[in-house]
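Survey of secondary and tertiary structure
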Amino acid sequence: MVFWGLLNRGYALYDRSVREAQGVTFALVRGGGRKQLFLSERLSEFSGEVLPEGGFLCPLLVENAFALQRLFPSLSPRRLPEGASFGFGDRLGLATPGHIRAISSANVFPVLAQQSVRENARTGRTFEEVLAQAIFGIFQEGYEGGFGADADHLKRIGDALHAADIGYTFFTCDPGDYVVAAERLSLQEVQRQFALLPEADDFRREYLGRTFEIDGIGSLAFSEEELIRAAVKYGNAVDFADKLYHALTVRLPQGFDYEVSVDETETPTTPLEHLFVAHELLRRGVDFVSLAPRFVGAMEKGVDWRGDLEAFRRELRAHAAIARTVGSYRLSLHSGSDKFTLYPFLAKETRGLWHVKTAGTSYLVALEVAAHRAPVLFREIAQFSVEQFAKDRASYHISADPSLIPSLEGLSDDELPALVAQHHSRQVLHVGFGSVLKSPLGNELKKLLVEYEDDYSEVLATHLGRHLQGLGIAASP
Ligand SMILES: [Zn+2]
């Protein structure tokens, strides 16, 4: 058998990865603390080294992932099928095997490559690397069930086109920079800004004196002030989403999945504002599959939602009704990790037409593994995250107070895992990912996760499995 030489040298084989193409056997192997791609013969599209005992060993480089993808079609991202979908962001590039295990008994389409431009900037990664690492994870698990690739929170057309060129299928437009907090402005000021909008007359004709029948909640109509405020708040954002969409249609005439997300803005999106945004997008021919409003309450990274649950349910019901009446797009829940309170409502009110995005939680699970397996490293990471917090918290919705974190010196090793769970330390650790992954600690953490790979996949599958159970698409254990 083709692997003898390597196995004799102490390499381990990922059994599920073994497959053939063009008469060559491919497999992922692990040795010397890292994973590599083994080919039974050299192929010119791959770069690597010829082994003295036969075969060809390739580092997990972007170009090798894309070469692999050309031989095995199941490694190419594809568009979302009907129904629910779940985004499994992976800050480290090592979480995909655990993510695949999480969905093994769940009825949901996974987006396995999903990072935003901002997160990539913080970790020093590229869209290519994010996709390549997902491809190797998928290959490792022998998964052939299909997956999406989401270029998340796009704020520039150039970034979207670049992601399109390398095979991304899902594009999340973030027009947040164009959203105006109109509710904070006087009526006089919004009237002034409204008059400056090129489509002002158009908006009046389209909305005033018109009622919109919305399935399940009755009719909605805009008063003049409501229209003016909605248009000032989201008018320019819609223009940007329109522009980005149409740039993508030129680059990807075969089609793509498009999401518009305004979740990271200062103020919640009211149902009426949602109606305005969706109606405007559709009027301009923007065919979107998913929309992320800014929901009410505290939607913070990595911790459960807090707020007035009755208000949330009422608004969610209206948002969901609008989504299925005006179009038939998913409601998207961003910062969706650990929102256990919300999942049952989201599943029920949207009648299964939802998209949830998670990302940072796979990093927190990695830290949980470190807390158990490498307390010294974990202490260094925690200490460094606290030091970097003032800088790292920028642009994230969080409420952590680092002064409420117990001092590390006073904690025994057994008490460290609790820091990953506790509200304040969890958020500080959560937003520290960029600083940590760019520092030498990042490499140590990754090495640890390769060493304790099964631990990491196991805990990920359990933790994200709880999300899927809450959403009603996976059986409880
Ligand atoms: Zn978001």
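Everything below is about the structure shown above.
Notes on the structure in this doc start here. (Residues numbered from 1 in each chain as written. Predicted model: local features only at pLDDT ≥ 70, side-chain atom pairs only at ≥ 80, totals over all residues. Heavy atoms only, no water.)

Looking only at helices and strands, one finds 19 helices and 16 strands in the protein chain. Against the globule reference of 23 Å for 477 residues, the protein chain gives a C-alpha radius of gyration of 24 Å, in line with a compact fold. Along the three orthogonal principal directions, the C-alpha set of the protein chain runs to about 80 × 60 × 40 Å. A total of 477 residues make up the protein chain; the buried ones form 59% of that total. When contacts within the protein chain are restricted to residue pairs at least 6 apart in sequence, long-range pairs at least 24 apart make up 71% of them. Charged side chains in the protein chain number 49 positive and 63 negative. The centres of these two groups are separated by 1 Å. (Helix = DSSP H or I, 4+ residues; strand = E, 2+ residues; numbered from the N terminus. Rg over C-alpha atoms; globule rule 2.2 N^0.38 Å. Buried < 20%, exposed > 50% of the residue type's maximum accessible area, 1.4 Å probe, protein only. Contact = heavy atoms within 4.5 Å. Lys, Arg positive; Asp, Glu negative; His and termini not counted. Charge placed at Lys NZ, Arg CZ, Asp CG, Glu CD.)

On to the sheet that holds strand β15 (residues 330-333). Strands sit in the order β7-β8-β9-β10-β13-β14-β15-β16 around a closed barrel of 8 strands; the barrel is parallel. Across the sheet, the axes of successive neighbouring strands diverge by a mean angle of 25°, strand direction being ignored. Relative to strand β10 (residues 170-173), strand β9 (residues 148-154) is paired through 3 bridges, and the arrangement is parallel. Note on β10: the bridge partner recorded for D150 is F170. (Pairing = 2+ DSSP bridges. Axes fitted to C-alpha atoms, helices over the stretch in contact; angles between N-to-C directions.)

With their axes 9 Å apart at the nearest point, helix α13 (residues 360-373) and helix α16 (residues 423-431) run at an angle of 110° to one another. By the criterion of interaxial angle, the relationship of α13 to α16 is roughly perpendicular. Along the contact surface, α13 presents G360, T361, Y363, L364 and L367, while α16 presents R426, L429 and H430. A breakdown of the residues in the contact of α13 with α16 according to their chemical character gives 4 nonpolar, 3 polar and 1 charged. (Parallel < 35°, antiparallel > 145°, perpendicular 65-115°, else oblique. Nonpolar A, V, L, I, M, F, W, Y, C, P; charged D, E, K, R; others polar.)

Time to look at the side chain of R91. Relative to the elements of secondary structure, R91 occurs in the loop between β7 (85-88) and α3 (96-102). Once residues within four sequence positions are removed from consideration, R91 is found in contact with Q115, E119, T123, R125, A359, G360, S362, Y363, H430, F433 and L437.

What follows deals with unusual backbone geometry. The backbone of D338 shows a phi angle near 65°, a positive value even though the residue is not glycine. Note on placement: D338 falls in the loop between β15 and α12 (343-349). Given the relative accessible area of 7%, D338 is considered buried. A positive phi angle, close to 55°, is found at R351, a residue other than glycine. Mapping R351 onto the fold places it in the loop between α12 and β16 (354-358).

We now examine the nonpolar core. Grouped burial of nonpolar side chains is what soluble globular proteins tend to show. If you look at the biggest cluster of nonpolar residues, it comprises 153 residues, and the most contacted ones within it are F26, F46, F171 and Y258. Of the residues forming this core, the biggest block, 13 residues, is contributed by helix α9 (residues 224-251). Non-local contacts of F171, meaning those with residues more than four positions away in its chain, are made with D150, A151, L154, A160, A163, A164, L248, L252, F256, D257, Y258 and E259. F3, L6, V29 and L57 belong to the second largest nonpolar core, which has 8 residues in total. (Core = buried A, V, L, I, M, F, W, Y, C linked by side-chain atoms within 4.5 Å.)

Summed over all chains, the structure comprises 23 aromatic pairs. Between Y178 and F240 the ring centres are 5.1 Å apart and the planes differ by 20°, which places this aromatic pair in the stacked class. With Y178 in the loop between β10 and α7 (187-196) and F240 in helix α9, the pair connects residues that are 62 residues apart, well separated along the chain. You can call Y178 partly exposed: its relative accessible area is 37%. Residue placement shows R91 over the ring face of F433; its charged tip is 4.2 Å from the ring centre. Sitting over the face of the ring of F340, R466 holds its NZ or CZ atom 4.2 Å from the ring centroid. (Phe/Tyr/Trp six-rings, centres within 6.5 Å; stacked < 30°, edge-to-face > 60°. Lys NZ or Arg CZ within 6 Å of the ring centre and 35° of its normal.)

For the rest of this paragraph, the subject is helix α2 (residues 62-71). Extensive coverage of α2 is indicated by the burial of 7 of its 10 residues. Inspection of α2 places N64, A65, F66, A67, L68, Q69 and L71 among the buried residues, and these make up the whole buried set. Packing partners of the buried residues in α2 comprise β2 (19-21), β3 (24-31), β4 (34-39), β6 (56-59) and α5 (127-141).

Turning next to the coordination of the zinc ion. The coordination sphere of the zinc ion contains the protein donors H153 (NE2), D263 (OD) and H334 (ND1), at a distance range of 2.0 to 2.4 Å. All donors of the zinc ion come from a single chain, and their spacing in sequence reads H-x109-D-x70-H. Remark: H334 occurs in the loop between β15 and α12 and D263 occurs in the loop between β13 (257-261) and α10 (271-283); sequence separation between them is 71 residues. Accessibility assignment for this pair places D263 and H334 in one class, buried. (Donors = N, O, S within 2.8 Å, 3.2 Å for Na, K, Ca; no water.)

Time to look at a nonpolar patch on the surface. A cluster of nonpolar side chains, M1, V2 and W4, forms an exposed patch at the surface whose accessible area comes to about 350 Å². According to the relative accessible area criterion, M1 is exposed, its value standing at 56%. (Patch = residues over 30% accessible without salt bridge, like charges linked within 9 Å, V, L, I, M, F, W, Y side chains within 5 Å. Areas by Shrake-Rupley, 256 points an atom, 1.4 Å probe, with all protein chains shown as cover. Salt bridge = Lys/Arg side-chain N within 4 Å of Asp/Glu carboxyl O.)

As a further point, take the pattern of salt bridges. Applying the stated criterion to the full structure yields 42 salt bridges. A salt bridge links E273 to K233; the shortest N-O distance between them is 3.0 Å. Remark: K233 occurs in helix α9 and E273 occurs in helix α10; sequence separation between them is 40 residues. The residues E273 and K233 share a single accessibility class, namely buried. Here E280 ties to R284 by a salt bridge, and the two come within 3.0 Å at their closest N and O atoms. Across this residue pair, the class does not change: E280 and R284 are buried. Overlapping salt bridges bring together E199, D202, R205, E206, R210, D239, D242, E280, R283 and R284 as one network.

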